[in-house]
Amino acid sequence: MRSKLSTEKLQDLLASRDVIGASVAVVSQGNVDVVSAGLRDIETNSPVTTDTVFDAASLTKPLISYATLQLVDAGVISLDEPLASFVRPVVTDDPRARSITARHLLTHTAGLQNLRDKDPIRMFYAPGNWFSYSSVGFMYLQTAIEARTGEPLEATIRRLVFDPLGMELSSLEWRGAFSTNEAVPHESGARLSGHRAPSANASYSLKTTAKEYGAFLSAVLSGARLKKQTWQDWFSPAVMLPQGALIQLDGPPHAQEPNIGWGLGWGLEPEFARFFQWGKMIGMRAFVMGNSESNSGFVVFTNCNTGLRLIQPLADILLPGEHPAVRLLLKEVTE
């Protein structure tokens, strides 16, 4: 796969799509190759390198799912035990919240909004009824993981993911060492201050490199550290997405996407044996896609709001074929 994406080709894609900087890890049969281009900071004119640290945004979620499934395999957490049996319900004044399970949170079927913003967290529908993407749900999952493991989330992820996979430059918490080679965010061509999460957050706070996320993607593709059945269940669609929507809170969907579903932490294109996740923060965009049958995939990190313009051409080059998920994301995830 490396021969299909050169530094020169990536540079051309950045220029033609007005993207400031990017780093792409291409994974095939356990091999991870990294191609980087552009600038990590337009003020200092510093280039993106293979060791540049990016905000993963929601690409954090599959990594949390991976750790959760390891805890399920170890008997620490059950996918179907109501979390309210050992932690406070995420919504205390709605009895529907008491039935939320880890399975609901991983499959985005808990009935919760995506972001908290200024509004209090509330239930929009009974858990399990349909899909509606929820970052709030992963924050509640973090509460459950920390309660069952008795340790901070960063410690759990370091024990189950970072250390076993050699991800030395990755963390859910800010580290001073990141500042020497960090991709800073850019919005509409303007440089912004870097993101500093106040603490580990299961929804968005991962900082990593394309190379190290590529190592994670390679482990995902091989099923490393998971029981075989658990790994297979990870890629089995539990629910299909509402047609044309990632968030569906105002009632049940009138129709479903025929070829886009969600499993235990991954978006899925079941007809094509592919899985995916996107990431969006102010001045940052990211995307990962893999094919569990061909044992191949790629992840791209960018440091500007136009970064998702790269995902269609990269998918065409690295995982050619029809991409219904890309179509939906380019419609639903704004720049």
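Just above sits the structure.
Residues numbered from 1 in each chain as written. Predicted model: local features only at pLDDT ≥ 70, side-chain atom pairs only at ≥ 80, totals over all residues. Heavy atoms only, no water.

Draft legend 1. Up close: unusual backbone geometry. With a phi close to 60 degrees, Asn45 is a non-glycine residue in the positive phi region. Counting through the fold element by element, Asn45 comes out in the loop between β2 (31-41) and β3 (46-47). In this structure, Ser188 is a non-glycine residue whose phi angle is positive, near 55 degrees. Owing to a relative accessible area of 66%, Ser188 belongs among the exposed residues under this scheme. (Helix = DSSP H or I, 4+ residues; strand = E, 2+ residues; numbered from the N terminus. Buried < 20%, exposed > 50% of the residue type's maximum accessible area, 1.4 Å probe, protein only.)

Draft legend 2. Spotlight on the packing of helix α2 (residues 60-73) against helix α4 (residues 135-149). Where α2 contacts α4, the two axes come as close as 11 Å, and the packing angle between them is 35 degrees. In the crossing of α2 with α4, the sense of the turn from one axis to the other is left-handed. Packed against α2, whose contacting residues are Lys61, Ile64, Ser65, Thr68 and Leu71, the element α4 presents Ser135, Phe138, Leu141, Ile145 and Thr149 at the interface. Its residues assigned to classes, the contact of α2 with α4 shows 5 nonpolar, 4 polar and 1 charged. (Axes fitted to C-alpha atoms, helices over the stretch in contact; angles between N-to-C directions. Left-handed = near helix turned anticlockwise from the far one by under 90°. Contact = heavy atoms within 4.5 Å. Nonpolar A, V, L, I, M, F, W, Y, C, P; charged D, E, K, R; others polar.)

Draft legend 3. Representation of the environment of Thr44 in the model. On the secondary structure map, Thr44 appears in the loop between β2 and β3. Once the C-alpha coordinates of Thr44 and Leu264 are considered, the two residues, 220 residues apart in sequence, prove to be 41 Å apart. A polar atom in the side chain of Thr44 sits 2.5 Å from the side chain of Ser46. (Polar contact = N/O pair within 3.5 Å; in protein donor to acceptor, adjacent residues only side chain to side chain.)

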